[in-house]
Amino acid sequence: MLRIATTLGRRLVASRFGAVLRPVALRVADGLALRAVDRNVHHRLGPAGAPPTSRVVGLTVVRDAEPFLAEFLAHHRRLGVEHVVFLDSGSTDGTLDLLAAERGVTVLATALPFGLWQARLRRWLFARHVGAGRWGLALDVDEFLDWPGSTHLGLAGLLDYLEGTGCTALAAYLLDLFPRGPLVAATGPMRDSHVWYDLDDVADERYGPPGNVVPDARIVHRRGGVRRRAFGTRPLLTKHPL
């Protein structure tokens, strides 16, 4: 059914009525995708979700994330995140055991293939765990949100600023950090060992998500970076963590 709806949406976009019907087709496809995820996610650990009083909830899809979990949680708790919802997509390491010992986490699980469903899984987390008056902090488990003055301002201060200026989302840039030597030889916390970066091969593009309004023309899409030189890819470095 989902494939049929998606195909229908593409045909509508290609037709002369596409400009009018495209939003409807996309909403239908998204709705079907969310229901498909509903049928393929089950609860593993922790409460059903964040407490009603939580102003922000962390959201992340994980698989075999054991090396990053402790530091990921510690960093974002320092910023003020009280609860994180993890959607596990088939971990075989110690991820679930580590999360079972943590407070303030909800662990869900799915057998849906991450490579095909990653965008839908992330949208599902927002749709099911972020409501009116609550922010969602969406990150990969090896990503650490930071900004100038974060140690003094905290996440509450950042949200006050966003809400006070009428913003409903935050655009941010990925900065790939790496250790001095081989990755496998790095020891200790990532904050201490991964302190090197390289801004060569970063290319700016026009900010593109349709429907998004940015308050400053300096907000752009950035691609490439060190991964472009190392792997020949052009990863998108612009994200919307909030």
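Overview of the structure. Please read all numbers here as calculations on a predicted model, not as lab measurements.

Some words on helix H5 (residues 114-129)
Along an α-helix, residues three or four apart share an orientation, since each turn contains 3.6 residues.
Then comes step 1: Taking 1.5 Å as the rise per residue, H5 with 16 residues should run 22 Å; its terminal C-alpha atoms sit only 19 Å apart, a clear shortfall.
Then comes step 2: In H5, a bend of some 35 degrees at Arg120 exceeds every other bend along the element.
Then comes step 3: Among the residues making up H5, those that are buried are Trp117, Leu121, Trp124, Leu125 and His129.

Looking at the environment of Asp198
Then comes step 1: Tracing the backbone through its elements, the reader meets Asp198 in the loop between helix H7 (190-193) and strand S7 (202-205).
Then comes step 2: According to the relative accessible area criterion, Asp198 is partly exposed, its value standing at 22%.
Then comes step 3: Setting aside residues up to four positions removed in sequence, Asp198 forms contacts with Phe178, Val226 and Arg229.
Then comes step 4: A distance of 2.9 Å separates the side chain of Asp198 from the backbone nitrogen of Asp200, its partner in a polar contact.

Brief notes about the packing of aromatic side chains
Then comes step 1: A complete count under the given rule lists 2 aromatic pairs for this structure.
Then comes step 2: For the pair Phe72 and Phe86, a centre-to-centre distance of 6.3 Å together with 65 degrees between the ring planes defines the contact as edge-to-face. Separated by 14 residues along the polypeptide, Phe72 in helix H3 (residues 69-79) and Phe86 in strand S3 (residues 84-88) bring together distant segments of the chain.
Then comes step 3: When its relative accessible area of 4% is taken as the criterion, Phe72 is described as buried.
Then comes step 4: With relative accessibility at 0%, the residue Phe86 sits in the buried group.

Looking at a nonpolar patch on the surface
Then comes step 1: Among the surface-exposed residues, Leu175, Leu177, Tyr197, Leu199 and Val202 lie close enough to one another that they form a single nonpolar patch of about 460 Å² accessible area.
Then comes step 2: As for its position among the elements, Tyr197 is in the loop between H7 and S7.

Focus: the pattern of salt bridges
Then comes step 1: All chains considered together, the criterion is met by 11 salt bridges.
Then comes step 2: Close ionic contact of Arg234 with Glu205 constitutes a salt bridge, the shortest N to O distance being 2.8 Å. Taken together, the residues span a long stretch of sequence, with Arg234 in the loop between helix H8 (226-231) and strand S9 (238-239) and Glu205 in strand S7 at a distance of 29 residues.
Then comes step 3: By relative accessible area, which is 28% here, Glu205 ends up partly exposed.
Then comes step 4: Across the pair Arg218 and Asp216 runs a salt bridge, and its minimum N-O distance is 2.7 Å.
Then comes step 5: We classify Arg218 as exposed; its relative accessible area is 68%.
Then comes step 6: Judged by relative accessible area, which is 25%, Asp216 ranks as partly exposed.

With respect to the environment of Leu96
Then comes step 1: Tracing the sequence through the fold places Leu96 in helix H4 (residues 95-100).
Then comes step 2: Along the primary structure Leu96 and Phe86 are separated by 10 residues, whereas in three dimensions their C-alpha atoms are 9.9 Å apart.
Then comes step 3: With sequence-adjacent residues up to four places away left out, Leu96 is seen in contact with Arg44, Leu45, Asp88 and Val107.

Criteria and thresholds
- Residues numbered from 1 in each chain as written.
- Predicted model: local features only at pLDDT ≥ 70, side-chain atom pairs only at ≥ 80, totals over all residues.
- Heavy atoms only, no water.
- Helix = DSSP H or I, 4+ residues; strand = E, 2+ residues; numbered from the N terminus.
- Expected span 1.5 Å × (residues − 1).
- Bend = angle between axes of the 7 residues up to and from the residue.
- Buried < 20%, exposed > 50% of the residue type's maximum accessible area, 1.4 Å probe, protein only.
- Contact = heavy atoms within 4.5 Å.
- Polar contact = N/O pair within 3.5 Å; in protein donor to acceptor, adjacent residues only side chain to side chain.
- Phe/Tyr/Trp six-rings, centres within 6.5 Å; stacked < 30°, edge-to-face > 60°.
- Patch = residues over 30% accessible without salt bridge, like charges linked within 9 Å, V, L, I, M, F, W, Y side chains within 5 Å.
- Areas by Shrake-Rupley, 256 points an atom, 1.4 Å probe, with all protein chains shown as cover.
- Salt bridge = Lys/Arg side-chain N within 4 Å of Asp/Glu carboxyl O.

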